[in-house]
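Fold and geometry: a report
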Amino acid sequence: MKRMKKMVVLLLLSAVAWVLGLSVVGTVETAYASGGGANNMNVVFVLDGSGSMYTTDKDKLRFEALELFLGLSTESGNYMGAVVFDDGIILQQEIVPINDRAAKSALSQEVKRAESNGDTDIGSAILTAVRMLKESGSPDLPSAMILLSDGNTDLPKDKSGKKLEESLHRKAAAIDYARQKDIPVHSVCLNANGKARPEELREISDATGGTCVEVKRAEDLKDVFNQFYNIIYSTKTMNLVDTKIPRSGELKVPFSIPVIGVKEANIIINTLNADTSYNLFSPKGYGYTRAELDAMAIKAKTFTVIKIQKPQPGDWELVVRGARRDQVKIDMVYNTDLSMKLEAVQTQAEGQKAAWELSAQVWNEGEAVSDAAVYQKYPFWIVVTDKASGESEKLELSQDADKSLGQYAAEGYGKYKVQAFCEIDGMKVKSNALTLQKKNTAPVWKDDPVVVDKKIHLFSKSLLNLDLNDYAYDEQDAEEGLHFQILESAFDEDTVSIQGDSTLAVRIKTCGDGELVVEAEDAAGAKTQVQIQIRTASITGYVVLAFVLVLLLAALAVSFPVLRTYVTVVRGTVQVLTFGEEGTDQPVTFDGDKGRMVLSRYVHPSQDIGLRLETCYLNAGEKKDCIYFVAAQGVYCDQYGGQKKKKVCVRAGMEVTISSDMDFANGIRISYMPYQ
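Here's what I pulled together on the structure shown here. Being a predicted model, the structure only gives us computed values, none of them experimental.

A word on the overall build of the protein. When its secondary structure is counted, the protein shows 11 helices and 41 strands. Against the compact-globule benchmark of 26 Å for 676 residues, the protein has a radius of gyration of 35 Å, which places it well outside the compact range. With respect to the three principal axes, the spread of C-alpha positions in the protein is 105 × 85 × 35 Å. Residue pairs in contact within the protein that sit at least 24 positions apart in sequence constitute 69% of those at least 6 positions apart. If you sum the accessible surface of the protein, you get close to 34,400 Å²; carbon and sulfur atoms cover 50% of it. Of note, the protein has its 76 positive side-chain charges centred 6 Å away from the centre of its 91 negative side-chain charges.

What follows is the structure in structure tokens.
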């Protein structure tokens, strides 16, 4: 029957195309992307709170890792939230602006208080997190998720396997949404007891463009969260010292702050001795008081972060005092807001030769840097890439008073991508990318004149849209497209006009025959004209005849399956269970009937199951070993991976779960057994 229907459809389409002489006009779309700005993000922490964490992380060092991440983040501009989970959601701390130490501390304390002894349901946790990012995250910021677990999805109390199936379904839905919205999931597997399988976390991270790290000790969680901070915020951790306190009990640690680029300097002091103290001295010799340092510091059991906001450039010194031979590790992480702007001016365009003067200027926190010392001290260069061959070359830039300068010359007809780079004390900065074109030629019309010969009929659309890029081309602007305008026209503006840059809109049913002159202009200003002739012919009589023929053939193709729906008998036994928030109702079993078996005739649930059974019915399938569940409003089924369906196949011997929502909180379960 299906093969016959396909053949009928093909015959219909062929007949209509032959009679009407239909044609398809394509369009070209160009996408543009932009980015940049300060290092602020939407971040959700998804932390395992199951019972096994009491043994794999008995000292609760995961909270130390969280506090380090929060301590490194900028004092304003970030949006953060948290999910703590076991076999359910223990804590859902909604995403809020994190603009001071109090907000960071509040988030950390909420996470610490959320503890449990349950099992592990990763799917529900990450689905909750992506929904939070969708509903509460700042739409102006990119997003990321950090997932920590000491195992994998494990629901041993679920004897039926339904909860496991639902968890996997939620995980797939979360991964799909994260992919669509470019949300990387960075995961860490705490495999302290050797029982965890990192494959599940690695699969989630790989699928979303994130990073997965496996660690054997809870002590390493802090380093992994530090690594994730560097990845998410595009910065890096610099080690200043990793040694023991000398015999004098005083360790002096010098460090330098670059002349520009550092919005915040985070000094991380790692020590296990709570009695360790420190002093900080600025380049001008200013010594911070204990009260000032306490106001700048975030302290945890194993580390202290001293955050220096807008630090003065130059040579600083940190003095650490503690017990002799205590191990001390000190790192530094910058929070930056550096960018660079590249400009190009064409200085020669004779013949095939072309030359450009390039200038690159650094911007710090939204302001142009004009300090000559920056451009003299640090290296600046450009990379030129031939778009046709993909080959690149690197050219050094020379230093000027308030920017870096360079020149580029070329011959021929290609396009080149040019981008500037610099490195300021380990901070790598890149500019916007420019496209340099060596030579420009005028657009070319494929035909002259362009003839638009259109057959019209009773059912034709009144408006014909022609993409003029299909009729003209330009060697240098093939990707960007051309700009068109009408110079002369035998039609009024309401009948024939240019919409946008390239669409010729023609009211084809009323325009009649006529001519117009159109000009094509490329991005460099080169222009070419062409005459366009519009010719129309009416074929309404042929269309009516074809339409009647189509209706007759369609009636033959459709009538048989429609009639079959009302006469075919379900030859078997059906069992239906309804479930909701109050539990599962008693199963209802009934024999098959003819035609549409409306479920409200057989099943009367005692609670709200989210489905209107009077609009749902069962139908016999094409074969004896299946029936169909049909719902006009569409439902979710555990067999279709989160897709909403109006028709669900129930095969013999299988139980199918159907719900009105993706979480499968309520609904029905249907099984079918044909007669022997």
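This paragraph deals with a nonpolar patch on the surface. A contiguous nonpolar surface patch, about 650 Å² in accessible area, is contributed by Leu458, Phe459, Val544, Phe547, Val548, Leu551 and Leu552. Residue placement: Val544 occurs in helix H11 (residues 540-567). On the accessibility criterion, Val544 (38% relative accessible area) is partly exposed.

Glancing now at the pattern of salt bridges. One pass over the structure, following the stated rule, counts 18 salt bridges. With a shortest N-O distance of 3.6 Å, Asp663 and Arg170 are connected by a salt bridge. In this pair, Asp663 is assigned in the loop between strand S40 (655-659) and strand S41 (667-674) and Arg170 in helix H6 (residues 162-180), connecting sequence segments 493 residues apart. For Lys329, the salt bridge goes to Asp331, with nearest N and O atoms at 2.5 Å. One network of salt bridges, with partners in common, ties together Arg131, Arg170 and Asp663.

Let us now look at H6. Under the 1.5 Å per step criterion, the end-to-end length of H6 is 27 Å for 19 residues, consistent within 8% with the ideal 27 Å. Within the span of H6, buried status applies to Lys162, Glu166, Ser167, His169, Arg170, Lys171, Ala173, Ala174, Ile175, Tyr177 and Ala178. Turning to H6, the residues buried within the fold contact helix H5 (122-136), helix H7 (199-208), S40 and S41. Once H6 finishes, Asp182 follows within two positions and takes phi at roughly 55°, a positive value.

Right, let's get into the packing of helix H3 (residues 61-72) against helix H4 (residues 101-113). Two numbers describe how H3 lies on H4: the axes approach to 10 Å, and their chain directions differ by 165°. As far as their axial angle goes, H4 and H3 are roughly antiparallel. Crossing angle aside, the handedness with which H3 passes H4 is right-handed. Contact residues: H3 offers Phe63, Leu66, Glu67, Leu70 and Gly71, while H4 offers Lys104, Leu107, Ser108, Val111 and Lys112. Its residues assigned to classes, the contact of H3 with H4 shows 5 nonpolar, 2 polar and 3 charged.

A word on H7. For H7, the full list of buried residues reads Glu200, Leu201, Ile204, Ser205 and Thr208. All buried residues of H7 fall inside an arc of 130° around its axis, so they share one side. Where the residues of H7 are buried, they touch H5, strand S4 (143-149), H6, strand S5 (185-190) and strand S6 (212-215).

Next up on the list: the environment of Met662. Tracing the backbone through its elements, the reader meets Met662 in the loop between S40 and S41. For Met662, a relative accessible area of 28% puts it in the partly exposed group. Not counting residues up to four positions away in its chain, the partners in contact with Met662 are His169, Ala173 and Tyr636.

Let's shift gears to the nonpolar core. One finds Leu280, Ile306 and Leu318 to be the most contacted residues of the largest nonpolar core, which totals 53 residues. Beyond its immediate sequence surroundings of up to four residues, Leu280 is in contact with Phe255, Tyr286, Gly287, Tyr288, Leu293, Met296, Ile306, Ile308, Trp316, Glu317 and Leu318. Formed by 41 residues, the second largest nonpolar core is a distinct cluster that contains Leu47, Ala65, Leu66 and Leu68.

Along any regular strand, the residues point their side chains to alternate faces of the sheet. Counted residue by residue, strand S37 (residues 616-620) has 5 buried out of 5 residues, so it is predominantly covered. Here S37 shows a buried face lined by Cys616, Leu618 and Ala620 and a second buried face lined by Tyr617 and Asn619. Alignment of S37 against strand S38 (residues 626-637), held across 5 bridges, turns out to be antiparallel. Across the sheet, Leu618 pairs through a bridge with Phe629, a residue of S38. Counting the residues in the hairpin turn of S37 and S38 gives 5 residues.

Spatially, S7-S14-S9-S12-S11 is the arrangement adopted by the 5 strands of the open sheet, whose pairing is antiparallel. The open sheet is flanked by strand S7 (237-244) and strand S11 (297-299), the only strands paired with a single partner. Taking each pair of neighbouring strands and ignoring which way they run, the sheet shows an average axis angle of 15°. Where S7 lies against strand S14 (residues 327-336), 7 bridges are found, and the strand directions are antiparallel. Each bridged residue has a counterpart across the sheet, and for Lys244 the counterpart in S14 is Gln327.

Both the distance between ring centres and the angle between the ring planes are used here to describe each pair of aromatic rings. Summed over the entire model, instances satisfying the criterion amount to 14 aromatic pairs. Both rings, one in Phe69 and one in Tyr233, keep their centres 6.1 Å apart while their planes meet at 50°; by these two values the pair is tilted. With Phe69 in helix H3 and Tyr233 in helix H8 (residues 221-233), this pair connects stretches of sequence that are 164 residues apart. A relative accessible area of 1% places Phe69 in the buried class. Here a set of aromatic residues connected by ring pairs shows up, and it is made of Phe45, Phe69, Tyr229 and Tyr233. A cation over an aromatic ring shows up here: Arg290 above the ring of Tyr278, its NZ or CZ 5.3 Å from the ring centre.

Of all 10 residues in S14, 7 are buried; the element is thus mostly enclosed. Bridge count for strand S9 (residues 262-270) against S14 is 8 bridges, and the pairing is antiparallel. Directly across from Ile268, in S14, lies its bridge partner Asp331.

How each quantity is defined
Counting from 1, residues in each chain are numbered in the order their sequence is written. Only residues with pLDDT of 70 or above have their local features reported here, since the model is predicted, and side-chain atom pairs are shown and tallied only from 80 upward, although totals for entire chains, interfaces and linings are computed over all residues. Side-chain metrics in this entry use all non-hydrogen atoms of the structure; hydrogen atoms and water are not considered. Numbering of helices and strands runs from the N terminus; a helix is a DSSP stretch of H or I covering at least four residues, while a strand is a stretch of E covering at least two. Here the globule rule reads 2.2 Å times residues to the power 0.38, and the radius of gyration is calculated from C-alpha atoms. Here a residue-residue contact requires only that any non-hydrogen atoms of the pair lie within 4.5 Å. Using a 1.4 Å probe, accessible areas were evaluated by the Shrake-Rupley method; residue-level cover was limited to the displayed protein chains. Positive charges are assigned to Lys and Arg, negative charges to Asp and Glu, while His and the chain termini are left out of the count. A charged residue contributes its charge at one atom only: NZ of Lys, CZ of Arg, CG of Asp or CD of Glu. Patch membership is restricted to residues that have no salt bridge and whose relative accessible area is over 30%. Joining uses 9 Å for like charges and 5 Å for the nonpolar side chains Val, Leu, Ile, Met, Phe, Trp and Tyr. Salt bridges are defined by distance alone: a side-chain nitrogen of Lys or Arg within 4 Å of a carboxyl oxygen of Asp or Glu. Throughout, exposure labels follow a simple rule: accessible area from a 1.4 Å probe, protein chains only, divided by the maximum for the residue type, with under 20% read as buried, over 50% as exposed, and the rest as partly exposed. Here a helix's expected span is defined as the number of its residues, less one, multiplied by 1.5 Å. Axis definition: a line fitted to C-alpha atoms, limited for helices to the stretch in contact. Angles are taken between N-to-C directions and run from 0 to 180 degrees. Roughly parallel here means an angle under 35 degrees, roughly antiparallel means over 145, roughly perpendicular means 65 to 115, and every remaining angle is called oblique. By definition, turning the near helix anticlockwise from the far helix through less than a right angle yields a left-handed crossing, and turning it clockwise yields a right-handed one. Each residue is assigned to one class: nonpolar for Ala, Val, Leu, Ile, Met, Phe, Trp, Tyr, Cys and Pro, charged for Asp, Glu, Lys and Arg, and polar for all the others, Gly among them. Along the arc lie the directions from the helix axis toward the C-beta atoms. The term nonpolar core refers to a set of buried residues drawn from Ala, Val, Leu, Ile, Met, Phe, Trp, Tyr and Cys, joined through side-chain atoms within 4.5 Å. A pair of strands counts as paired when DSSP detects no fewer than two bridges linking them. For Phe, Tyr and Trp, where Trp contributes only its six-membered ring, two rings pair if their centres lie within 6.5 Å, and the inter-plane angle classes them as stacked under 30 degrees, edge-to-face over 60, or tilted in between. Over a ring means this: the NZ of a Lys or the CZ of an Arg is within 6 Å of the ring centre and within 35 degrees of the ring normal.

In short, geometric facts, not functional conclusions.
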